[in-house]
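# Commentary on secondary and tertiary structure
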Amino acid sequence: MATRRPIVAANWKMAGSRQLGAELLEKFALLSDSSAEVVICPPAVYLDSLQQQLSEHSDTVAQHRITLGGQNLSHQEFGAYTGEIAGSMLNEFGCRYVIIGHSERRSMYGESSDIVADKFVMAQKMGLTPILCVGESLAAREANRTFEVLNGELNAVLDKVGIMAFDNAVIAYEPIWAIGTGKSATPEQAQEVHAFIRQRLMQLSPYIGEKIRILYGGSVKPSNAADLFTRPDVDGGLVGGASLNASDFVELCRIASESE
Ligand code: PEP
C-alpha cells in the first residue's frame, strides 16, 4: 500500500489574526518532530505577514513542513473582478495550496460544481494544489443520498479535468452537518465515505486512487482526531474551529504525525 504523508490544513475562515500566526510558530518550535504536512489557510489579508513570519522561522517551518494556502481563488486569471483574488496572487505570497468548493462557498456564495471545477483548473494552471471539498448535507445523508451527492461533486471536476489531474490534488471530505457544529462524523462514517471516494478514483486510475490524500473535515479536535486519523483511508484533516487555538492545532499535527 502507498504511504501517504498526512496533511493537517487550518482553515481560519474569516477569523484569526497576525498574532495567531506568531503563536502557532512558537508552539511548533516546541514540538520535537512531525512528519505530517501542515498547511495554514488564513484570510488573504494575512498572507503577507504570515509569509514573513514563516521566513523568519525557517528552521521550524522546514522541520514541520509548514506551507501556506488560500481559502479561495477566482476562476478567472485576471481582470475587472472586484473583490476577487487571482491564483497568481496566492502564488506571489507563497501559497502552495488552495481550498476550493468549501460548502460555505457553495451554499452562501452560489458556487456551482461547474464553477468549482473551473477553480480546480485555474488553481493547477497557477501551480497551486487544489484541496477540493466535497460533502453531503444532513438531509442528503438522512435520505441515503450521500454517495450520490459525492459522485455528483466529484464528477463535475472529473468530467472537466480527467482523472490524471488528480495527481496534483487533495480531497477533503467535509459532511456539511459536521462543519462548525461540534458534531463530528464518527470514525466509521468517515472511513466508509473515504473508502468510497478512493474506490471511485481507483476505478479510473489505481495509481491516483492509491496515492491521493483524502482529508476529513468537520469538528475535528484533539479529543477525536486520533480515532479519525488512524482510519486507513483518512490522511489527515481540514480543520476550522480548532485551528484558531494554537495549542489545539499543534496537538492535531502531532496526532496526525503519529497516525502515519
Ligand atoms: C471547515 O471549515 O472546513 C471545518 C471543518 O470547520 P470545523 O473544523 O470548525 O468544523
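The structure we're discussing is the one just above.
Report on the accompanying structure. (Residues numbered from 1 in each chain as written. Predicted model: local features only at pLDDT ≥ 70, side-chain atom pairs only at ≥ 80, totals over all residues. Heavy atoms only, no water.)

## Considerations on the pairing of strand β3 (residues 66–70)
- With respect to burial, β3 is a largely interior element, five of its five residues being buried.
- Residues Ile66, Leu68 and Gly70 line one face of β3 and the alternating positions Thr67 and Gly69 line the opposite face, and both faces are buried.
- One ladder, built from three bridges, connects strand β2 (residues 37–41) with β3; its direction is parallel. Bridge pairing links Val39 to Thr67 in β3. (Buried < 20%, exposed > 50% of the residue type's maximum accessible area, 1.4 Å probe, protein only. Helix = DSSP H or I, 4+ residues; strand = E, 2+ residues; numbered from the N terminus. Pairing = 2+ DSSP bridges.)

## Quick look at the packing of aromatic side chains
- This structure, assessed with the given rule, holds four aromatic pairs.
- Between the aromatic rings of Phe147 and Phe196, the centroid separation amounts to 4.2 Å while the plane-to-plane angle is 15°, which identifies the pairing as stacked. Taken together, the positions of Phe147 in helix α8 (residues 146–161) and Phe196 in helix α9 (residues 187–204) put the pair 49 residues apart, joining distant regions of the chain.
- On the accessibility criterion, Phe147 (32% relative accessible area) is partly exposed.
- Looking at Arg105, its charged tip hangs above the ring of Tyr109, at a distance of 4.2 Å from the centre. (Phe/Tyr/Trp six-rings, centres within 6.5 Å; stacked < 30°, edge-to-face > 60°. Lys NZ or Arg CZ within 6 Å of the ring centre and 35° of its normal.)

## A few points about the layout of surface pockets
- Roughly 520 Å³ of volume is contained in the largest pocket.
- Lining the largest pocket we find 20 residues, and of these Lys13, Met14, Gln71, Asn72 and Arg105 sit closest to its centre.
- In terms of residue class, the lining of the largest pocket is made up of 10 nonpolar, six polar and four charged. (1 Å grid on protein atoms, 1.4 Å probe; cavity = no way out; pocket = protein on both sides within 12 Å on 5 of 7 lines; lining within 4 Å. Points joined across faces, edges and corners; volume = space filled by probe spheres on them. Nonpolar A, V, L, I, M, F, W, Y, C, P; charged D, E, K, R; others polar.)

## Thoughts on the packing of helix α1 (residues 18–30) against helix α2 (residues 47–56)
- Packing of α1 against α2 brings their axes to within 10 Å, and their N-to-C directions diverge by 20°. Relative to α2, the element α1 lies roughly parallel. At the point where α1 passes α2, the crossing takes the right-handed sense. Together, Arg18, Gly21, Ala22 and Leu25 of α1 and Ser49, Leu50, Gln53 and Leu54 of α2 make up the contact between the two elements. (Axes fitted to C-alpha atoms, helices over the stretch in contact; angles between N-to-C directions. Parallel < 35°, antiparallel > 145°, perpendicular 65-115°, else oblique. Left-handed = near helix turned anticlockwise from the far one by under 90°. Contact = heavy atoms within 4.5 Å.)

## So, the sheet that holds strand β4 (residues 95–100)
- Spatially, eight strands are ordered β1-β2-β3-β4-β5-β6-β7-β8 in a closed barrel, and the strand pairing comes out parallel. Ignoring strand direction, the axes of neighbouring strands in this sheet form an average angle of 25°.
- Relative to β4, β3 runs parallel, the two being bridged by three bridges. Looking at the pairing, Leu68 lines up with Cys95 of β4.
- Taken strand by strand, helix α12 (residues 246–259) contacts β1 (7–11), β2 and β8 (236–239), and its axis lies near 160° from that of β1.

## Re empty space enclosed by the protein
- Considering all chains together, one arrives at one cavity of 30 Å³ or more under this definition.
- Lining the largest cavity are Gly101, His102, Ser103, Arg106, Cys133, Val134, Gly135, Glu153, Glu174 and Ile176.
- Secondary-structure elements contributing two or more residues to the lining of the largest cavity are α5 (103–108) and β5 (129–134).
- Tallied by class, residues from the lining of the largest cavity come to three nonpolar, four polar and three charged.

## Thoughts on the nonpolar core
- In terms of nonpolar packing, the biggest core is built from 67 residues, with Phe28, Leu132, Phe166, Ile171, Ile197 and Tyr216 touching the most fellow members.
- No other element matches the seven residues that α12 contributes to this core.
- Those residues in contact with Phe166, other than ones at most four positions away along the chain, are Phe120, Leu132, Val157, Leu158, Val161, Ile171, Leu201, Ile208 and Ile212.
- Counting residues in each nonpolar core, the second largest holds 12 residues, with Ala9, Cys41, Ile99 and Ile131 among its members. (Core = buried A, V, L, I, M, F, W, Y, C linked by side-chain atoms within 4.5 Å.)

## Overview of α2
- Looking only at α2, the buried set comprises Leu47, Ser49, Leu50, Gln53 and Leu54. Taken end-on, α2 shows its buried residues confined to a sector of 160°, consistent with a single buried face. Opposite the buried face of α2, at more than 90 degrees from it, the exposed residues are Ser55 and Glu56.
- In this structure, the buried side of α2 is in contact with α1, β2, α3 (58–63), β3, α4 (87–92) and β4. (Arc of directions from axis to C-beta.)

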